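# Coordinate inspection notes
One letter stands for each residue in the lines below.
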Amino acid sequence: MKEIILAKYGEIILKGGNRGKFENVLLNNIRNSLKNVAEFKMRLAQAAIYIDVFDESKKDIVVERLSKIFGIVSITRAAAAEKDIEDIKRVAVEYLKDDLTAGTKFKVEARRSDKGFPLKSPDICTEVGGYIDDCFPDITVDVHNPDKTVRVEVRDFGAYIYCEENKIQGQGGMPIGTGSKALLLLSGGIDSPVAGHMMSKRGVEIEAVNFFSYPYTSERAKEKVIELASILARYTSKVNLYIVPFTEIQLQIRDKCPEEHLTLVMRRFMMRIAERIARANKSVALVTGESAGQVASQTLAALDVTNAVVDMPVLQPLIGMDKNEIIERSIAIGAYETSILPYEDCCTVFTPKHPTTNPARAKIEKSEGQLDVEALIEDALAGVEKIEVLPGV
Ligand code: ATP
Ligand code: MG
């Protein structure tokens, strides 16, 4: 019996005139993701993609890859049958025998998009349901409250059978490449990788920037950030990571600015440098992992001061989330174990004892007046290292 993989997509079918374009982006993303994994053929029909993977041993990894592609809402394996009701019945019984165990309540749902097929959908249900019922004496039909729903889809190019309960959930969202590009400020913490994942989920292509204060932060802290970028790349195929040398800026801030302003002045440098890198690489927004009220630098007044220095949207997808919700997502995307490794982040090294929580722009600007902001930014930009980070396994 032949088995295919069936991936269903969701939101892009609502996109009216853009639907075809967005479907092509999704198909391309799938091709890219499976390129070095398996040989396959794809067919598209009504918000579903039928993927014929030639090598049986590659199917698990194909399912795993599909489960990380934005735009796909569910994935399942399905048996292929001839477009012939007798063959559909035979394949259904053979394929689903392990699902339809004694005591199971089941129903059949059929969909016929090939209008040339002689039976209408309700007739397919009756035929297939009756046959299954006859073949397995210990199971019963229950259309209102089934344990298992047997789905039969008759398409122009074949008939397919699967059990609804065997579907696994996909990422949902929009395919990457249907939104614009944004630059993520990626620290080594829990929050920013989650923020990056959330924006990617909306179809936005993500690049990342990290501010690195060697030797105050170690090589291992840098490796940790690269590792986090590679976890994000599992969902996005690749992440360009820009590493910005930040030590000189931090030392000057520490020496010349009032201690309670250290964090905010530093954050403003990060934002300015990030904006320059974004513009140079065609990103149209910045993404950060801030959550309102989480720490002193994330009060609304602090965010006002931080974001005032940039002239592009600053996306903060975690802004209304609690830490435990963020942690749940971090675990779900596979980043948590890496995020909690103990290596110091550049912010933690230079944290003031009593940071200001209700800053005014004018005061912070005055503190900054002690520094040659433009020269410091240019020096930092001259030392940027670009790393192309590929998916981690
Ligand atoms: P995270 O868990 O993402 O580190 P956080 O709760 O520790 O966030 P902050 O340290 O205040 O918060 O940083 C706020 C945001 O600023 C981060 O989510 C991240 O987007 C960005 N950021 C902080 N430090 C760095 C850094 N060293 N490099 C790049 N971005 C950074
Ligand atoms: Mg942090």
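Structural data are supplied above this passage.
All values derive from a computational prediction rather than experimental measurement.

A word on the overall build of the protein chain. Looking only at helices and strands, one finds 14 helices and 15 strands in the protein chain. For the protein chain, the spread of C-alpha atoms along the three principal axes comes to 85 × 40 × 35 Å. The buried share of the protein chain, taken over its 393 residues, is 52%. The long-range fraction of contacts in the protein chain, counting pairs at least 24 apart against all pairs at least 6 apart in sequence, stands at 80%. When the accessible surface of the protein chain is summed, it comes to about 18100 Å², and 49% of that surface belongs to carbon and sulfur atoms. Across the protein chain, 51 positive and 57 negative side-chain charges occur, with their mean positions spaced 4 Å apart.

Our focus in this paragraph is the site of ligand 1. Taken together, 21 residues lie near ligand 1, and L185, S187, D191, S192 and Q294 sit nearest. The contact in question runs from a nitrogen atom of ligand 1 to an N or O atom on the backbone of L186, over 3.5 Å. At a separation of 3.0 Å, a nitrogen atom of ligand 1 approaches a polar backbone atom of F211. Listed by contribution, the elements that provide at least two residues to the shell around ligand 1 are α5 (191-201), β11 (205-212), α8 (262-280) and α12 (346-349). Counting residues per element, the shell around ligand 1 draws most heavily on β11, which supplies three residues.

Below, the discussion takes up the nonpolar core. Ranked by size, the top nonpolar core spans 34 residues in total, and within it V209, F211, I253, F269, I273 and L286 carry the most contacts. The dominant element in this core, judged by the number of residues it contributes, is α8, at eleven residues. If sequence neighbours within four positions are ignored, V209 has contacts with L183, L184, L185, L186, L241, Y242, V244, A274 and I277. Core analysis: the next-biggest nonpolar cluster, separate from the first, contains 33 residues, L228, I231, L232 and M321 among them.

Our next topic: the packing of helix α3 (residues 85-95) against helix α4 (residues 121-135). Running from N to C, α3 and α4 point in directions that differ by 45 degrees, and their axes come no closer than 10 Å. Looking at the two axes, α3 sits oblique to α4. Crossing hand, α3 versus α4: right-handed. Across from I85, I88, K89, R90, A92 and V93 in α3, the residues of α4 making contact are I124, E127, V128, Y131, I132 and C135.

With that settled, consider the pattern of salt bridges. Under the criterion given, the structure shown has 31 salt bridges. The salt bridge partner of E86 is K89, with a shortest N-O separation of 3.3 Å. Linking E86 with K89, this pair stays in helix α3, spanning three residues, or about one helical turn. Judged by relative accessible area, E86 falls into the partly exposed class, the value being 48%.

To continue, consider unusual backbone geometry. Cis geometry is adopted by the peptide bond preceding P215, which originates at Y214 and carries an omega value of 0 degrees. Position of P215 among the secondary structure elements: in the loop between β11 and α6 (219-236). With a phi angle near 65 degrees, A47 is a residue other than glycine that sits in the positive phi range. With respect to the secondary-structure elements, A47 resides in the loop between β2 (40-45) and β3 (48-53). Positioned with a positive phi, S237 is a non-glycine residue whose angle comes to about 80 degrees. The class for S237 is partly exposed, based on a relative accessible area of 45%.

Spatially, the six strands line up as an open sheet ordered β14-β13-β10-β11-β12-β15, and their pairing is mixed. In this open sheet, the two strands that pair with only one neighbour each are β14 (314-315) and β15 (385-389). Across five bridges, the pairing between strand β10 (residues 181-185) and β11 is parallel. Bridge pairing in β11 places L184 opposite A208. Running at roughly 150 degrees to β10, α8 makes contact with β10, β11, β12 (239-245), β13 (285-287) and β14 of the sheet.

Attention now goes to the pairing of strand β4 (residues 72-81). Here β4 lies mainly inside the structure; eight of its ten residues are buried. Sheet topology places strand β1 (residues 2-9) next to β4; eight bridges connect them, and they run antiparallel. Bridge pairing in β4 links I5 to R77. Examined bridge by bridge, β4 and strand β9 (residues 168-169) share two bridges and lie antiparallel to one another.

We now examine the packing of helix α7 (residues 247-256) against α8. Each pair of packed helices can be described by the angle between their axes along with the distance between the axes. Two numbers describe how α7 lies on α8: the axes approach to 10 Å, and their chain directions differ by 150 degrees. Considering how the two elements wind past one another, α7 and α8 form a crossing that is right-handed. Contact with α7, carried on its side by I249, Q250, I253 and R254, involves L262, V265, M266, F269 and I273 of α8 and no other residues of that element. Here the residues of the contact of α7 with α8 sort into seven nonpolar, one polar and one charged.

The rules behind each value
- Residues numbered from 1 in each chain as written.
- Chains lettered and ligands numbered in written order.
- Predicted model: local features only at pLDDT ≥ 70, side-chain atom pairs only at ≥ 80, totals over all residues.
- Heavy atoms only, no water.
- Helix = DSSP H or I, 4+ residues; strand = E, 2+ residues; numbered from the N terminus.
- Buried < 20%, exposed > 50% of the residue type's maximum accessible area, 1.4 Å probe, protein only.
- Contact = heavy atoms within 4.5 Å.
- Areas by Shrake-Rupley, 256 points an atom, 1.4 Å probe, with all protein chains shown as cover.
- Lys, Arg positive; Asp, Glu negative; His and termini not counted.
- Charge placed at Lys NZ, Arg CZ, Asp CG, Glu CD.
- Near = heavy atom within 4 Å.
- Polar contact = N/O pair within 3.5 Å; in protein donor to acceptor, adjacent residues only side chain to side chain.
- Core = buried A, V, L, I, M, F, W, Y, C linked by side-chain atoms within 4.5 Å.
- Axes fitted to C-alpha atoms, helices over the stretch in contact; angles between N-to-C directions.
- Parallel < 35°, antiparallel > 145°, perpendicular 65-115°, else oblique.
- Left-handed = near helix turned anticlockwise from the far one by under 90°.
- Salt bridge = Lys/Arg side-chain N within 4 Å of Asp/Glu carboxyl O.
- Pairing = 2+ DSSP bridges.
- Nonpolar A, V, L, I, M, F, W, Y, C, P; charged D, E, K, R; others polar.

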